[in-house]
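In case you want the letters, here they are:
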Amino acid sequence: VQLVESGGGSVQAGGSLRLSCAASEYAYCMGWFRQAPGKEREGVATIDRAGSTTYTDSVKGRFTISRGNVKNPLYLQMNSLEPEDTGIYYCAARDFTTCGIGRNFGRWGQGTQVTVSS
C-alpha cells in the first residue's frame, strides 16, 4: 500500500485543517500519527473497516478520523487546533484485524507538515 498525505499547512490557534491520505489499496486498519520537533512519533487516531475509531486523549473532541472512497480512504478533520498540535502528520496502514493507536503499522506515508501558531 502506497500512502500519500495532503492537506497540511500553517494556521493560527483555533483554526482548522483537513488532512487526506491517498492509497493504492484499501487497508483494514488505517491511522494518523504525528511527530513534533524533538519528540517521538505518537498515534493520533485510527479507524478500522467497520468504522470503529480510537483517539489519543489530547485530540478527543477536536479531531475526527473518517474513511472515504478507495482512492482517498482516509481523512483527519482537525478543529480547534493548538500550537501543541504542530508536527509532521503521517498516514499509516495495517492489514491485521486488530486496530488502535497502540498497534504496529507496517506502511507509512512521507508525512505532511502541520504548523499551528499562537
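Refer to the structure presented above.
The sections below set out a description of the structure shown in this document. Each residue is numbered by its place in its chain's sequence as written, counting from 1. Totals for whole chains, interfaces and linings use all residues, but because this is a predicted model, local features are given only for residues with pLDDT of at least 70 and pairs of side-chain atoms are given and counted only at 80 or more. Heavy atoms from the whole structure form the basis of all side-chain values; hydrogens and water molecules are not counted.

1. Structural notes on the sheet that holds strand β7 (residues 63–66)
The strand order β1-β3-β8-β7 describes an open sheet built from four strands, whose pairing is antiparallel. Of all the strands in the sheet, the pair left with one neighbour each is β1 (3–6) and β7. Within this sheet the neighbouring strands show an average axis-to-axis angle of 15 degrees, counted without direction. Here, any two strands with at least 2 DSSP bridges between them count as paired. Strands are runs of DSSP state E lasting at least two residues, helices are runs of H or I lasting at least four, and both sets are numbered from the N terminus onward. To get an axis, fit a line to the C-alpha atoms, keeping to the stretch in contact for a helix; angles then go from 0 to 180 degrees between the N-to-C directions.

2. Description of the nonpolar core
Only buried residues count toward a nonpolar core. Its members are Ala, Val, Leu, Ile, Met, Phe, Trp, Tyr and Cys residues joined through side-chain atoms within 4.5 Å. Using a 1.4 Å probe on the protein chains alone, a residue whose accessible area is under 20% of its type maximum counts as buried, one over 50% counts as exposed, and one in between counts as partly exposed. Among the nonpolar cores identified, the biggest contains 25 residues, and W32, L76 and M78 are the most heavily contacted of them. Looking at this core, the elements that each hand over two or more residues are β3 (17–23), β4 (29–35), β5 (42–48), β7, β8 (74–78), β9 (87–94) and β11 (112–117). The element that contributes the greatest number of residues to this core is β3, accounting for four residues.

3. What about the environment of F63?
With respect to the helices and strands, the residue F63 is situated in strand β7. Residues F63 and R18, 45 residues apart in the sequence, show an inter-C-alpha distance of 9.4 Å. Setting aside residues up to four positions removed in sequence, F63 forms contacts with R34, V44, Y55, L76, Q77, M78, N79, L81, D85 and Y89. We call two residues in contact when some of their heavy atoms are within 4.5 Å.

4. Comments concerning the pattern of salt bridges
Basic side-chain nitrogens of Lys or Arg form a salt bridge, by our definition, when they fall within 4 Å of a carboxyl oxygen of Asp or Glu. Tallied over the full model, the rule gives six salt bridges. The partner of R34 in a salt bridge is D85, and the shortest N-O contact between them spans 2.9 Å. One end of the pair, R34, is in strand β4; the other, D85, is in the loop between β8 and β9, with 51 residues separating them in the sequence. For the salt bridge of K60 with D57, the shortest nitrogen-to-oxygen distance reads 3.0 Å.

5. Section: the state of the cysteines
Two cysteine sulfur atoms form a disulfide, by the criterion used here, when they sit within 2.5 Å. Enumeration over the complete set of coordinates arrives at two disulfides. Note that C29 is cross-linked by a disulfide to C99, the S-S spacing being 1.9 Å. The sign of the S-S torsion, about 70 degrees, decides the handedness of the disulfide formed by C29 and C99: right-handed. Placement of C29 in strand β4 and of C99 in the loop between β9 and β10 (107–108) is noted, with a sequence separation of 70 residues between them. Each disulfide in the protein links cysteines that, numbered along the sequence, combine into the pattern 1-3, 2-4.

6. Here we look at the side chain of T46
Relative to the helices and strands, T46 resides in strand β5. A relative accessible area of 0% means that T46 is categorised as buried. Pairs of N or O atoms are called polar contacts if they sit within 3.5 Å, as long as, within protein, a hydrogen donor faces a hydrogen acceptor (for residues adjacent in sequence, only side-chain-to-side-chain pairs). At 2.5 Å, the side chain of T46 and the side chain of T54 are in polar contact. Ignoring sequence-local partners within four residues, the contact set of T46 consists of M30, G31, S52, T53, T54, I65, C99, G100, I101 and F105.

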